[in-house]
Amino acid sequence: MKKLKIGITCYPTVGGSGVIATELGKMLAERGHEIHFITSSVPFRLNKIYPNVFFHEVEVNSYSVFQYPPYDIALASKMADVIKEVKLDVIHVHYAIPHAICAVLAREMSGEKVGIVTTLHGTDISVLGQDSTLTKAIKYGIDKSDIVTAVSNSLKEQTYELIETTKEIETIYNFVDDAVFRPIDVGNLKEQFGIREDERVIIHASNFRKIKNLPDIVNSFVKIREQIPAKLLLVGDGPERQRVMELAKETEFKQDILFLGKQENVEELFAISDLMLLLSEKESFGLVLLEAMACGVPGIGTNTGGIPEVIEHGVNGYLIDIGDIDACSQYALELLTDEEKLIRFREAAIDASKVKFNSQKIIDQYEQLYERLAVLS
Ligand code: GMT
């Protein structure tokens, strides 16, 4: 395929959409494409020098005449500069607002024929799509993009429900870097955390927003812990952290609940884990589940959004209704007390990450989209 010049815009801080955008850029660069990240800071997974990868910083200045710093305008201007200077073939934005709208504006400003691909990740639709002050803008961003993708069928259907668009939306699943997310030997890490060999390890990682239902994780763990020796690792930080810490302190197993804060190398924590819990109220995909699965950690997730497209119930994990902590603890105990079953689920989880969510296959899908655009222009 012809080597393309591709601009990528995402939120560069920790978060699934930024991770996917960055990994996609890195893998496309490995295939010889020239990748230009146009973001407010270096994406956090872009942690070393990669040939073919360039970074264009969006500088957002504050002026006393503005109540809010004009990020969207600064981004659109920067995108227009890069489109013109580099002669981008495609600009791929992650999140409908503001990024798709900025790309449309930038194309206008540059007067060039760059193709726009927008990937919807979830919050832009499931939360913002319900905000009537934003729906028209989201629809505009979607309609004016040349190609729109969603990270699950569920998110695609939700977009049609919430945003009155007739635009074709294509599902392209998320993927993980399988060189990082795989079963690894981490020596005596479990011991370093003070976890005994006979204790099972349950893990949850998120941005601790309310929709992640952290209290359900703690309450499910308490029910599990009443039956078997176990530890709960809570990885991440966010608005709910304080409330969850208080809840954990009130339980009789507070010493078994470890708050680890934000962690860069979560794959090392997955290496000592037996089960992942993601009990969210909304979740367009649940990338963290896939990261855990690729490391051989099956998950229990809620039957919501795209989670049922990631977990195959009874094969590589379990699905429960939102809030059903009895079912959660029951399934967890079934798995954690049956070594053979756990091994079977671990293998099935790795298998799903390699087959259904195969990174090379998914990069092929994105490349095919870009190719279609190149033919159109
Ligand atoms: O989960 C979050 O709150 C972060 C958010 C983001 O923008 O990074 O994640 C969304 O995109 C991820 C990557 O596609 C998905 O795996 C998450 O499920 C999705 N979050 C929600 O839908 C709440």
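Residues numbered from 1 in each chain as written. Predicted model: local features only at pLDDT ≥ 70, side-chain atom pairs only at ≥ 80, totals over all residues.

**Points about the pairing of strand β9 (residues 230-236)**
Residues in a regular strand point their side chains to alternate faces of the sheet.
Item 1. For β9, the tally of buried residues reaches 7 of 7 residues, placing the bulk of the element in the interior.
Item 2. With 7 bridges connecting them, strand β8 (residues 200-206) and β9 associate as parallel partners. Among the inter-strand pairings, Ile-202 is bridged to a residue of β9, identified as Leu-232.
Item 3. With helix α8 (residues 214-225) bridging β8 and its parallel neighbour β9, the resulting β-α-β unit is right-handed.
Item 4. Across 4 bridges, β9 lies against strand β10 (residues 257-261) in parallel orientation. (Buried ≥ 20, exposed ≤ 12 C-beta atoms within 10 Å, placed from the backbone. Helix = DSSP H or I, 4+ residues; strand = E, 2+ residues; numbered from the N terminus. Pairing = 2+ DSSP bridges. Right-handed = clockwise from strand over helix to strand, strands pointing away.)

**Examining the domain arrangement of the protein chain**
Item 1. What the domain assignment reports for the protein chain is domain 1 (5-175 + 358-376) and domain 2 (189-354).
Item 2. Computed over C-alpha atoms only, the centres of domain 1 and domain 2 are separated by 31 Å.
Item 3. Listed by partner, the interface residues are 15 residues for domain 1 and 11 residues for domain 2.
Item 4. When contributions to the side of domain 1 that touches domain 2 are tallied by element, the ones reaching two or more residues are α1 (16-30) and α6 (153-162).
Item 5. Counted by class, the side of domain 1 that touches domain 2 contains 5 nonpolar, 10 polar and no charged residues. (Domains from an automatic or database assignment. Contact = placed C-beta atoms within 7 Å. Nonpolar A, V, L, I, M, F, W, Y, C, P; charged D, E, K, R; others polar.)

**Re the packing of helix α11 (residues 287-294) against helix α14 (residues 339-354)**
Item 1. At a minimum axis separation of 7 Å, α11 and α14 run at an interaxial angle of 115 degrees. The hand of the α11/α14 crossing is left-handed. Contacts from Leu-290, Met-293 and Ala-294 in α11 reach Ala-349, Ile-350, Ala-352 and Ser-353 in α14.
Item 2. Looking at side-chain class alone, the contact of α11 with α14 contains 6 nonpolar, 1 polar and no charged residues. (Axes fitted to C-alpha atoms, helices over the stretch in contact; angles between N-to-C directions. Left-handed = near helix turned anticlockwise from the far one by under 90°.)

**What about the site of the ligand?**
Item 1. Around the ligand, 19 residues are found, and the nearest of them are Gly-15, Gly-16, Gly-122, Ser-284 and Leu-287.
Item 2. Taken together, the elements giving at least two residues each to the shell around the ligand come down to α1 and α4 (123-127).
Item 3. With 3 residues, the single largest contributor to the shell around the ligand is α1.
Item 4. For the shell around the ligand, the residue count by class is 5 nonpolar, 11 polar and 3 charged.
Item 5. Built from parts of two domains, the shell around the ligand gets at least three residues from each of domain 1 (5-175 + 358-376) and domain 2 (189-354). (Near = placed C-beta within 6 Å.)

**Topic: the sheet that holds strand β3 (residues 53-57)**
Item 1. The sheet built from 7 strands is open, its strands ordered β3-β2-β1-β4-β5-β6-β7 with parallel pairing. Both outer strands of the open sheet, β3 and β7 (169-171), are each paired with one neighbouring strand and no more. Neighbour to neighbour, the strand axes of the sheet diverge by 25 degrees on average, direction disregarded.
Item 2. In the sheet, strand β1 (residues 5-9) pairs with strand β2 (residues 34-39) via 4 bridges, with the strands oriented parallel. Looking at the pairing, Ile-6 lines up with Ile-35 of β2.
Item 3. Sitting on the sheet, α1 is in contact with β1, β2, β3 and β4 (90-94), with an inclination near 155 degrees to β2.
Item 4. Those strands touched by helix α3 (residues 96-110) are β1, β4 and β5 (115-120), and its axis lies near 175 degrees from that of β5.

**A few points about α14**
Item 1. Taking 1.5 Å of rise per residue, 16 residues should cover 22 Å, and α14 covers 23 Å from first to last C-alpha, within 8% of that figure.
Item 2. Tucked into the core, α14 has its buried residues touching α11, β13 (317-320) and α13 (325-336). (Expected span 1.5 Å × (residues − 1).)

**What about the packing of helix α2 (residues 71-87) against α3?**
Item 1. Orientation of α2 relative to α3, taken along the N-to-C sense of each, is 50 degrees, at an axis distance of 8 Å. On the basis of the axis angle, α2 is oblique to α3. You can see that α2 and α3 cross each other, and the crossing is right-handed. Two secondary-structure elements touch here, α2 through Asp-72, Leu-75, Ala-76, Met-79, Ala-80, Ile-83 and Lys-84 and α3 through Pro-98, Cys-102, Ala-103, Leu-105, Ala-106, Arg-107, Met-109 and Ser-110.
Item 2. Among the residues making up the contact of α2 with α3, the classes are represented as 11 nonpolar, 1 polar and 3 charged. (Parallel < 35°, antiparallel > 145°, perpendicular 65-115°, else oblique.)

**Topic: the environment of Leu-24**
Item 1. Relative to the assigned elements, Leu-24 resides in helix α1.
Item 2. Sequence separation between Leu-24 and Ala-292 is 268 residues, and the spatial gap between their C-alpha atoms is 19 Å.

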